[in-house]
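# Chains, contacts and geometry: an overview
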Amino acid sequence: MSVQPASQPSTKTARQARIKAILGAESVRSQAELAALLADDGVQVTQATLSRDLVELGAIRVRGVDGGLVYAIRGEGGSRLPQTGVTQEVLDARLAKLCAELLVTAEASGNIVVLRTPPGAANFLALAIDHSVLPAVLGSIAGDDTVLLVTRDPQGGEEMAARFLALADPQQAEA
């Protein structure tokens, strides 16, 4: 049995997050193929557990680019479109659009960035940030109208806050 890295706990939530990541990045045709990909990551899972996870995640089978059936997870925000093989460019464009619509302020202190949104919008913005895979961001926490980001660089907060402000208003960033 493989041992998982310390940064990846062996919990149901961690396993399901890994399943979502795999299905979002690769065309997976069967549960056996998915189980093998998980095993490559050090996650051992039975077929019954994997089947339950797919049901709980709302996985569906859709036609892939080659015409074969592949597993996919529905998008966030009530979208009925599956997320399969979404490119980084699409994720970055989505983050920029959401920043333009939702970001009210961005302030930093050291490696902490506080993003303010209208009430009820912080979780939506934080999810887009998490899915955009920003290497400089260690993690995010969302409340009702506030997103807290922690950057990897101990002094990276100012730069990250400026980046989010530029995403929210590209014309001002060019000036």
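Residues numbered from 1 in each chain as written. Predicted model: local features only at pLDDT ≥ 70, side-chain atom pairs only at ≥ 80, totals over all residues. Heavy atoms only, no water.

## Some points on the pairing of strand β7 (residues 146–151)
Only one face of β7 is covered, namely the one carrying Val 147, Leu 149 and Thr 151; the face carrying Thr 146, Leu 148 and Val 150 has none of its residues buried. By the bridge criterion, five bridges tie strand β5 (residues 112–116) to β7 in an arrangement that is antiparallel. The partner of Arg 116 across the bridge, within β7, is Thr 146. Examined bridge by bridge, strand β6 (residues 137–142) and β7 share five bridges and lie antiparallel to one another. Bridged to Ile 141 within β7 is Leu 148. Taken together, β6 and the strand that follows it, β7, pair antiparallel across an intervening segment of three residues. (Buried < 20%, exposed > 50% of the residue type's maximum accessible area, 1.4 Å probe, protein only. Helix = DSSP H or I, 4+ residues; strand = E, 2+ residues; numbered from the N terminus. Pairing = 2+ DSSP bridges.)

## A look at helix α6 (residues 157–168)
With 12 residues, α6 should reach 16 Å at 1.5 Å per residue; the first-to-last C-alpha distance of 17 Å fits that figure. Within α6, the full set of buried residues consists of Gly 157, Met 160, Ala 161 and Phe 164. Buried residues of α6 fall within an arc of 100° about the axis and therefore sit on the same side. α6 presents Glu 158 and Glu 159 as exposed residues on the side facing more than 90 degrees away from its buried surface. (Expected span 1.5 Å × (residues − 1). Arc of directions from axis to C-beta.)

## Here we look at the pairing of strand β4 (residues 105–109)
One ladder, built from five bridges, connects β4 with β5; its direction is antiparallel. If you follow Ser 109 over to β5, its bridge partner there is Ile 112. The loop that links β4 with its antiparallel partner β5 comprises two residues; one of these, Gly 110, has a positive phi angle of about 65°.

## A short note on the environment of Leu 134
Structurally, Leu 134 is set in the loop between α5 (122–132) and β6. According to the relative accessible area criterion, Leu 134 is buried, its value standing at 9%. Each C-alpha atom of the pair Leu 134 and Thr 151 lies 9.6 Å from the other, and the pair is 17 residues apart in sequence. In contact with Leu 134, not counting residues within four places along its chain, are Leu 95, Ile 129, Arg 163 and Phe 164. (Contact = heavy atoms within 4.5 Å.)

## Let's talk about the confidence of the model for the chain
In this model, the chain carries a mean pLDDT of 82, and residues with pLDDT of at least 70 account for 82%. Mean pLDDT in the chain bottoms out at strand β3 (residues 82–83), which sits at 50, and peaks at β5, which reaches 97. A low-confidence stretch, residues 1–6 stays under pLDDT 50, and its non-local contacts, those more than four residues away or across chains, total seven contacts. Within the model, the stretch residues 77–82 combines pLDDT values under 50 with 12 contacts to residues more than four positions away or in other chains. (pLDDT = per-residue confidence, 0-100.)

## Describing the environment of Ala 166
Here Ala 166 lies in helix α6. Overall, the relative accessible area of 27% leaves Ala 166 in the partly exposed class. Between the C-alpha atom of Ala 166 and that of Cys 99, which follows or precedes it by 67 residues, the distance is 9.0 Å.

## Quick look at the pattern of salt bridges
Counting across every chain of the model gives four salt bridges. The salt bridge involving Asp 41 is made with Arg 18; its shortest N-O contact spans 2.3 Å. Taken together, the residues Asp 41 in the loop between α2 (31–40) and α3 (47–56) and Arg 18 in helix α1 (residues 12–25) connect sequence positions 23 residues apart. For Arg 18, a relative accessible area of 26% corresponds to the partly exposed category. The salt bridge partner of Glu 101 is Lys 97, with a shortest N-O separation of 3.1 Å. (Salt bridge = Lys/Arg side-chain N within 4 Å of Asp/Glu carboxyl O.)

## Structural notes on the environment of Asp 41
Judged by relative accessible area, which is 26%, Asp 41 ranks as partly exposed. Residues Asp 41 and Arg 18 lie 23 residues apart in sequence; the distance between their C-alpha atoms is 8.9 Å. Here Arg 18 takes part through its side chain, which lies 2.3 Å from a polar atom of the side chain of Asp 41. (Polar contact = N/O pair within 3.5 Å; in protein donor to acceptor, adjacent residues only side chain to side chain.)

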